Amino acid sequence: MTRPAPRVVEALNAALHRLFEERTSLHLLGEDVRDPYGGAFKVTRGLSARHPDRVLSTPISEAGITGVAGGLALAGDQAIVEMMFGDFAALAFDQILNLVSKSVTMYGDRVPMPVVVRCPVGGNRGYGPTHSQSLQKHFLGVPNLALYETSPFHDPYAQLAEGLDRGPAMLFEDKVLYTRRMFRDGVVDEHHRYALRGGTTGWAHVSPRDGTAADVVLICPGGTAHRALDAARLLRARGIAAHVLVPARLYPPDLEPVLPLLADARLVAVAEESTAGGTWGAEIAARVHARIWAQLRAPVLLLNSADSVVPTAPHLEARVLLGAERIAEEIEAGAARSLPPRAPATPPPATPLAVTGAETLGLPEITAPETPAAEAREPEAAAAYSAEPAAGVPVAVPKLNNNDTAYLVVRWFADDGAYLEEGDPLVELETSKAVEEIAAPAAGHLRVRAAEGSEVGVGELLAELLTEPPATPGPETRPVPPPEPPAEPLPEPARAQEPDPAAARTHVLGRAQQGTAAVVTRAHREVPVAFAAVEVTVDAVLAGLRTLSDETGGEVGLPEAVVKAVAAAHPAFPHLFGTLVDERTVRLADTVDIGVTVDAGNGLYIPVLRDCAGRSLADLSDDLMDFRLKAFRAEFTAGELSGGCLSVSLNTEPGVLFVQPIVMAPQLCMVSVGGPLTRLVLEDGVPASTTVVTLGLAYDHRVVNGRDAVAFLRAVADALHDAEKLVELVDGQ
């Protein structure tokens, strides 16, 4: 069995252990870094047990910690400082600026200063204004001070070793990145690969696997890498090939290995989580402008978070911090502006060209020829950026919301070749929250370009409306019944109007809740549901999960264990994981893809965990963490919300007795898990407390009978309780 790639926190921990074995004069200083705590983010776990004399938990004084590290370096030792949160590095700024960095060259001869200050940075964790900042820019340009940032591509051992050897240095570690897994063997995903340029502490270059040249090169530090990759995927769906560059060392930057790539791109952008003004991106842009200004098609585009403190509330935090959708949107707009114009017969008048971040750089106003957009593109570029067919009126996929980049084609209202009038119903598209009806934008004969059941990206071609019937049919379509509407019409969203006392007592349902209502109404109307429940003791599994969390650095909890236990029951109960084809036929599932309920307060979502039987608890934990973040931001795609063969309703808040779920047709079952409850029991005649949860199963009585339902629940409960099966659940795949 191939072991999964380590998480970034595991890679950092392994790097520290290796350095401590190799360097007998190395010390670690920080608050609560000794075992059993092992640091706020468990990066230093196990170090003090092996090297008790060289790992020191210090008083709460960042200036004092850093000053002691500088003294150790001046005395010939080496030191790594851990800031509990990178925000607190502001308290150590004087020591970094005036002692550690200056001591290298302040005494006549060059003095080694092997000091690395580690700083957990970044938001997206709900930690609030003083625990979520990205302060890298405040340490740029300090003489002798090198800046590094962890990434999923670079070995942190190489960064720490180089930082100590060239010292002093700072290593910035994005907190969300801690639980992400490292990329390895040059593989990013099915569409992207990566390679290192400039050595182990050089640049990670992410590019399309098919070798497509870069329309856009997106430069980002490691903490923004996953958002940049998501943006590259969004841009790929919009016909723009984006390459991503991630450095191991932020400052001083070595641009030589990547200059040819930057010179060939239509647009260069830098995305970072800090606020604008005096940023690392501005430093990169200045150096790129100085080196290859003549080859650039436009000034470097700078992308930053909003000019604000970082809020604690997740929905507000998401609005402030730079996200993948905004990266993709601004790059798409910038790429359109940067396409080179055709040579005009006479010089056209100059008009201002808006460049995001130009004012931050202090650049002069840039002007560009006023040229129609269609003429401003090279022929091959125009083909890449336009889906317009040769004849007829094109019907492209509209942008229906800010959450999805692709939608599901539910059904066509007319057959291929049928004549439609302008405004006639054309097609239904399913978003992550609702089903939207698209009307015909013009009159004409329909030529279908996207089959029912297919997924289409924003801007892709759905259909054409031709003046003559199409000579050949479009793709084969199959009827898909539309989702049933709610039993009662739902109110329209309230519009701004004069205050109405009665209206103040109303509550208008959001689109997500309307979609939930439609699904639940249909389920209760169509599926003959029965319900069973059992109680299971979970003390042992909770203890095992705590150990696993400590070992992996992830947060592996009861939801992941229940999903894994449900998946383990698949071989014995395959028909419970099937879908009803007709009144006598059940299609069995080849892989165990399980939907899980996620509700972050802005709507109920049921994203799907893939291949739950074949993947580890730690991997499922990674996906669930991603789902929770996407639920906060309402960023799910239709593909992530479809394809499950069974669902699990997670209601693990303390005090929840049990939950009776519904059956999400065409699925046949939904498992529910309640919150942990304390029970008083007798053990050998002595009162003792134990922790239990209630497992429930709603099942379609047309396929599943009560005997099978109870047996299935007992199998799941045994996997969570039986000692031998518990070891397989926690330690195995």
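Residues numbered from 1 in each chain as written. Predicted model: local features only at pLDDT ≥ 70, side-chain atom pairs only at ≥ 80, totals over all residues. Heavy atoms only, no water.

1. Regarding the overall build of the protein chain
And then number 1: Secondary structure summary: the protein chain contains 18 helices and 34 strands in total.
And then number 2: The buried share of the protein chain, taken over its 733 residues, is 51%.
And then number 3: Contacts in the protein chain between residues at least 24 apart in sequence constitute 71% of all its contacts with a sequence separation of at least 6.
And then number 4: Accessible surface for the protein chain amounts to roughly 32700 Å². Of this, 53% is attributable to carbon and sulfur atoms. (Helix = DSSP H or I, 4+ residues; strand = E, 2+ residues; numbered from the N terminus. Buried < 20%, exposed > 50% of the residue type's maximum accessible area, 1.4 Å probe, protein only. Contact = heavy atoms within 4.5 Å. Areas by Shrake-Rupley, 256 points an atom, 1.4 Å probe, with all protein chains shown as cover.)

2. Observations regarding helix α8 (residues 280-292)
Structurally, the α-helix is built with 3.6 residues per turn, so residues lying three or four positions apart point the same way.
And then number 1: With 13 residues, α8 extends 18 Å from end C-alpha to end C-alpha; this agrees with the ideal 18 Å at 1.5 Å per step.
And then number 2: The set of residues buried in α8 consists of Trp-280, Gly-281, Ala-282, Ile-284, Ala-285, Val-288, His-289 and Ile-292. (Expected span 1.5 Å × (residues − 1).)

3. A word on the side chain of Ser-647
And then number 1: Within the fold, Ser-647 resides in strand β31 (residues 646-650).
And then number 2: With a relative accessible area of 1%, Ser-647 lands in the buried category.
And then number 3: Of note is the side chain of Ser-647, whose polar atom sits 2.9 Å from the side chain of Gln-667.
And then number 4: Here Ser-647 is in contact with Ile-594, Gly-595, Ile-606, Met-664, Gln-667, Cys-669, Met-670 and Val-671, once residues within four sequence places are set aside. (Polar contact = N/O pair within 3.5 Å; in protein donor to acceptor, adjacent residues only side chain to side chain.)

4. Things to note about a nonpolar patch on the surface
And then number 1: Nonpolar side chains collect at one region of the surface, where Leu-74, Met-106 and Tyr-107 lie side by side and expose about 310 Å² of accessible area between them.
And then number 2: Relative to the elements of secondary structure, Met-106 occurs in the loop between α4 (93-100) and β4 (115-121).
And then number 3: Of the residues examined, Met-106 reaches a relative accessible area of 45% and is grouped as partly exposed. (Patch = residues over 30% accessible without salt bridge, like charges linked within 9 Å, V, L, I, M, F, W, Y side chains within 5 Å. Salt bridge = Lys/Arg side-chain N within 4 Å of Asp/Glu carboxyl O.)

5. Some points on helix α15 (residues 558-568)
And then number 1: Of all 11 residues in α15, 10 are buried; the element is thus mostly enclosed.
And then number 2: Residues of α15 that are buried: Leu-558, Pro-559, Glu-560, Ala-561, Val-562, Val-563, Lys-564, Ala-565, Val-566 and Ala-567.

6. Notes on the environment of Arg-615
And then number 1: Assignment of secondary structure puts Arg-615 in the loop between β30 (608-609) and α16 (617-633).
And then number 2: Side-chain polar atoms of Arg-615 contact the backbone oxygen of Arg-610, separated by 2.9 Å.
And then number 3: One polar contact links Arg-615 to Asp-623, side chain to side chain, over a distance of 2.7 Å.

7. Concerning the packing of aromatic side chains
And then number 1: Tallied over the full model, the rule gives 10 aromatic pairs.
And then number 2: Aromatic side chains Phe-573 and Phe-712 sit 5.7 Å apart centroid to centroid with 90° between the ring planes, which places their arrangement in the edge-to-face category. With Phe-573 in the loop between α15 and β25 (579-582) and Phe-712 in helix α17 (residues 706-721), this pair connects stretches of sequence that are 139 residues apart. When sorted by exposure, Phe-573 lands in the same class as Phe-712, which is buried.
And then number 3: Members of the aromatic cluster, connected to one another through ring pairs, are Phe-41, Phe-85, Phe-88, Tyr-127 and Tyr-178. (Phe/Tyr/Trp six-rings, centres within 6.5 Å; stacked < 30°, edge-to-face > 60°.)

8. Comments concerning the pattern of salt bridges
And then number 1: For the structure shown, the criterion picks out 23 salt bridges.
And then number 2: A salt bridge links Glu-256 to Arg-291; the shortest N-O distance between them is 2.6 Å. Remark: Arg-291 occurs in helix α8 and Glu-256 occurs in the loop between β11 (249-251) and α7 (259-264); sequence separation between them is 35 residues.
And then number 3: Judged by relative accessible area, which is 45%, Glu-256 ranks as partly exposed.

9. Topic: the confidence of the model for the protein chain
The predicted coordinates ought not to be read in detail in places where the model reports low pLDDT.
And then number 1: This prediction gives the protein chain a mean pLDDT of 84; 83% of its residues lie at or above 70.
And then number 2: Contacts from residues 341-390, a stretch scored under 50 in pLDDT, to residues over four places away or in other chains number 68 contacts.
And then number 3: Low pLDDT (under 50) marks residues 476-499, which in the prediction has 32 contacts with non-local residues, meaning those over four places away or in another chain. (pLDDT = per-residue confidence, 0-100.)

10. Section: the nonpolar core
And then number 1: If you look at the biggest cluster of nonpolar residues, it comprises 55 residues, and the most contacted ones within it are Val-566, Val-596, Val-648, Leu-695, Leu-697, Phe-712 and Leu-720.
And then number 2: Beyond its immediate sequence surroundings of up to four residues, Val-648 is in contact with Val-562, Val-563, Val-566, Ile-594, Gly-595, Val-596, Thr-597, Met-670 and Val-671.
And then number 3: Core analysis: the second largest hydrophobic core is formed by 49 residues, Phe-172, Ile-219, Ala-265 and Ala-282 among them. (Core = buried A, V, L, I, M, F, W, Y, C linked by side-chain atoms within 4.5 Å.)

11. Some thoughts on unusual backbone geometry
Among all residues except glycine, the phi angle is most often negative; among peptide bonds, the trans geometry is most common.
And then number 1: Put simply, Tyr-251 and Pro-252 share a cis peptide bond, and its omega is -10°.
And then number 2: Of note, Pro-252 is situated in the loop between β11 and α7.
And then number 3: Residue Pro-666 is reached from Ala-665 by a cis peptide bond, and omega for that bond is 10°.
And then number 4: Mapped onto the secondary structure, Pro-666 falls in the loop between β31 and β32 (669-673).
And then number 5: In this structure, Asn-124 is a non-glycine residue whose phi angle is positive, near 65°.
And then number 6: Locating Asn-124 in the fold gives a position in the loop between β4 and β5 (146-149).
And then number 7: A positive phi angle, near 60°, is found at Asp-185, a position not held by glycine.
And then number 8: Take Asp-185: it is sitting in the loop between β6 (169-174) and β7 (192-197).

12. Examining the side chain of Gln-136
And then number 1: Note that Gln-136 resides in the loop between β4 and β5.
And then number 2: A polar contact of 3.0 Å, which involves the side chain of Gln-136, links it to the side chain of Glu-149.
And then number 3: If near-sequence neighbours (up to four positions away) are discounted, Gln-136 is found in contact with Val-121, Leu-147, Glu-149, Phe-172 and Leu-250.

13. Re the sheet that holds strand β8 (residues 203-208)
And then number 1: Spatial strand order, β7-β8-β10-β9-β12-β13: six strands in an open sheet with mixed pairing. With partners counted over all chains shown, the strands left at the sheet margins are β7 and β13 (301-305), one partner each. The sheet shows a mean angle of 25° between the axes of neighbouring strands, direction not considered.
And then number 2: With four bridges joining them, strand β9 (residues 216-219) and strand β12 (residues 267-275) adopt parallel strand pairing. Bridge pairing links Ile-219 to Val-270 in β12. (Pairing = 2+ DSSP bridges. Axes fitted to C-alpha atoms, helices over the stretch in contact; angles between N-to-C directions.)

14. Topic: the pairing of strand β33 (residues 677-683)
And then number 1: Where β33 meets strand β34 (residues 686-700), seven bridges bridge the pair, whose relative direction is antiparallel. Bridge assignment links Glu-683 to a residue of β34, and that residue is Val-686.
And then number 2: Hairpin connection, β33 to β34: the antiparallel pair is bridged by two residues, and Asp-684 has positive phi, about 55°.

15. A look at the sheet that holds β11
And then number 1: Pairing is mixed across the open sheet formed by seven strands, whose spatial order is β2-β1-β3-β4-β6-β5-β11. On the outer flanks of this sheet lie β2 (55-57) and β11, each paired with one strand and no other. On average, adjacent strands in this sheet sit at an angle of 20° to one another, irrespective of strand direction.
And then number 2: Contacts from helix α3 (residues 62-74) reach β1 (26-30), β3 (78-82) and β4 within the one sheet, and its direction differs from that of β1 by about 170°.

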